[in-house]
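Examining the three-dimensional arrangement
Chain by chain, the residues run as shown.
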Amino acid sequence: MNILILGSGGREHALAWAVLQNPKCDKLIVAPGNAGIAQIADCADIDILDGDVVAQFAAENAVDFVIVGPEAPLAAGVADRCRAAGLSVFGPSAAAARLEASKSFTKAICDASNAPTAAYARFDSADPARAYIRQQGAPIVVKADGLAAGKGVIVAMTEDEALAAIDDMFGGEFGAAGAEVLIEEFMEGEEGSLFVLVDGETVLPIGTAQDHKRVGEGDTGPNTGGMGAYSPAPVLSDAVVDTAMSEIVKPTMAEMARQGMPYQGVLYVGLMIKDGQPRLVEYNVRFGDPECQVLMLRLGAQALDLMQATAEGRLAEAQVSWANDHAITVVMAANGYPGAYEKGSVIKGLDGLPENSMNVVFHAGTTGKDGQITATGGRVLNVTARGATLSEARDRAYAMVDQIDWPDGFCRRDIGWRAL
């Protein structure tokens, strides 16, 4: 079968890598892709936010299956347009994608389904928001309502930080995403990510991971898109997952269906766990990045079968086969990230690294130029490894990091520290 993956990051490189492990895949196209993806698949430079363009490209290239990687095309209705054109698609409708595209929508769904989550208030202007923060005190969480590329959440430990976040959001730092703001209670506990597949009816858990959001070691400094991840996450025990499924995920999915927006695709369930009890932090309507990288390395070829079963409404007959192993990914980012950083620096040493079922470097913000790999983004490489234990996977990953010659990049040296 011919498969089209939409996206250009480390998540999409990981999806492409897993899809190519499956003999069902005859041809793989990734739009627009990156330098690493170009080494294993055809790349196409099309506008992935335009559903008509994507559907037409799929028809011209005899595409059988479309996998939508990032959230922006989903929120823009690309999956809807492709389905209307008769294509098989992995990814939710624009209506269902509001679970990520609008945090206030998610809160309303949680209220309707009694899913445990943080108490909140919603504001569309700065002065009442500031007054609410002064009334509630800190720590407190300020969130841009819309899509902000993973950066629209400020966990403010002081009132001044929270008030500054309000100024930034209503001042336009996050564009239209910050036109409305949610202010939430600060939830104590340990955060973890549960990933489930949903075909409109059946809900199937497929794995757990823990991300490292902050730029500095020991989880210090500003939030980023993610500096590394590992899977499985010990904090998400079988008992915690069962509780999250019965109290949060299944009631939410039932409410979505009741409101005429049945969900189909992967659902990223961000959870805060305290004393064994999970509460919802957020939903994302796509695989996490960098969590996808560790999940795909562990799932391998079966990832395509599971995504197909999701798209075709066959999850009730699907099973996930997990090896008893661990995976870790270390993000190498450009110096200065998540603030200002320079583009165009050359990355050397990648050619000599192993690439097999245990060790892969997934590219994120890269391009190929004159036979060299250059950095074009903030998060640039995802150095990913598997092992029988988490410490073995960590040692493999950092051994690869140490062989990469990129003075203009940095990484955290403590990925996996909570579990280790």
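As shown above, the structure is provided for reference.
Residues numbered from 1 in each chain as written. Predicted model: local features only at pLDDT ≥ 70, side-chain atom pairs only at ≥ 80, totals over all residues. Heavy atoms only, no water.

Okay, the sheet that holds strand 6 (residues 120–123) next. Spatially, 6-9-7-8 is the arrangement adopted by the four strands of the open sheet, whose pairing is antiparallel. Here the strands that pair on one side only, and so sit at the sheet edges, are strand 6 and strand 8 (153–156). Each adjacent strand pair in this sheet contributes to an overall mean axis angle of 20 degrees, direction not counted. With five bridges joining them, strand 7 (residues 140–144) and strand 9 (residues 181–185) adopt antiparallel strand pairing. Looking at strand 9, one finds that V142 is bridged to I183. Relative to strand 6, helix 7 (residues 126–136) is tilted by about 160 degrees, and along the sheet it contacts strand 6, strand 7 and strand 9. Those strands touched by helix 8 (residues 159–170) are strand 6, strand 7, strand 8 and strand 9, and its axis lies near 5 degrees from that of strand 7. (Pairing = 2+ DSSP bridges. Helix = DSSP H or I, 4+ residues; strand = E, 2+ residues; numbered from the N terminus. Axes fitted to C-alpha atoms, helices over the stretch in contact; angles between N-to-C directions. Contact = heavy atoms within 4.5 Å.)

A separate point is helix 7. Within helix 7, burial applies to A126, A129, Y132 and I133. In a view along the axis of helix 7, the buried residues occupy a sector of 125 degrees, so they form one face of it. Exposed side chains of helix 7 directed beyond 90 degrees from the buried face belong to D127, R134 and Q135. In the core, the buried residues of helix 7 are packed alongside strand 6, strand 7, helix 8 and strand 9. (Buried < 20%, exposed > 50% of the residue type's maximum accessible area, 1.4 Å probe, protein only. Arc of directions from axis to C-beta.)

Bringing the environment of K24 into the picture now. Position of K24 relative to the elements: it lies in the loop between helix 1 (10–20) and strand 2 (27–32). The class for K24 is partly exposed, based on a relative accessible area of 36%. Taking the C-alpha atoms as reference points, K24 and Q56, 32 residues apart in sequence, are found 23 Å from one another. If we skip the residues at most four places from it in the chain, K24 touches M1, L304, D305 and Q308.

Right, let's get into the side chain of S345. Note that S345 resides in the loop between strand 17 (326–334) and strand 18 (346–347). Of the residues examined, S345 reaches a relative accessible area of 14% and is grouped as buried. Only 2.9 Å separates the side chain of S345 from the side chain of W406, close enough to count as a polar contact. (Polar contact = N/O pair within 3.5 Å; in protein donor to acceptor, adjacent residues only side chain to side chain.)

Our focus in this paragraph is the packing of aromatic side chains. Tallying each qualifying case throughout the model produces six aromatic pairs. Measuring from centroid to centroid gives 6.2 Å for W17 and F362, while their planes differ by 75 degrees, and the two rings are edge-to-face. Residue W17 is located in helix 1, and its partner F362 is located in strand 19 (residues 359–363); the two are separated by 345 residues in the primary sequence. Ring geometry for F90 against F287: centres 6.3 Å apart, planes inclined by 25 degrees, an arrangement best described as stacked. Of this pair, F90 sits in strand 5 (residues 88–90) while F287 is found in the loop between strand 16 (277–284) and helix 10 (291–299), placing the two residues 197 residues apart along the sequence. A relative accessible area of 2% means that F90 is categorised as buried. Of the residues examined, F287 reaches a relative accessible area of 4% and is grouped as buried. Taken together, F90, F195, Y268 and F287 form an aromatic cluster joined through their ring pairs. (Phe/Tyr/Trp six-rings, centres within 6.5 Å; stacked < 30°, edge-to-face > 60°.)

All chains considered together, the criterion is met by 24 salt bridges. Across the pair K143 and E184 runs a salt bridge whose closest N-O atoms are separated by 3.2 Å. Of the two residues, K143 is situated in strand 7 and E184 in strand 9; the sequence distance between them amounts to 41 residues. The exposure class of E184 is buried, given its relative accessible area of 4%. (Salt bridge = Lys/Arg side-chain N within 4 Å of Asp/Glu carboxyl O.)

Further remarks concern the packing of helix 1 against helix 10. Their axes nearest at 8 Å, the elements helix 1 and helix 10 cross at an angle of 10 degrees. Overall, the two elements helix 1 and helix 10 adopt an arrangement that is roughly parallel. Across the interface between the two elements, G10, R11, A14, L15, W17 and A18 from helix 1 touch C292, Q293, M296 and L297 from helix 10. Across the contact of helix 1 with helix 10, the residue classes break down as seven nonpolar, two polar and one charged. (Parallel < 35°, antiparallel > 145°, perpendicular 65-115°, else oblique. Nonpolar A, V, L, I, M, F, W, Y, C, P; charged D, E, K, R; others polar.)

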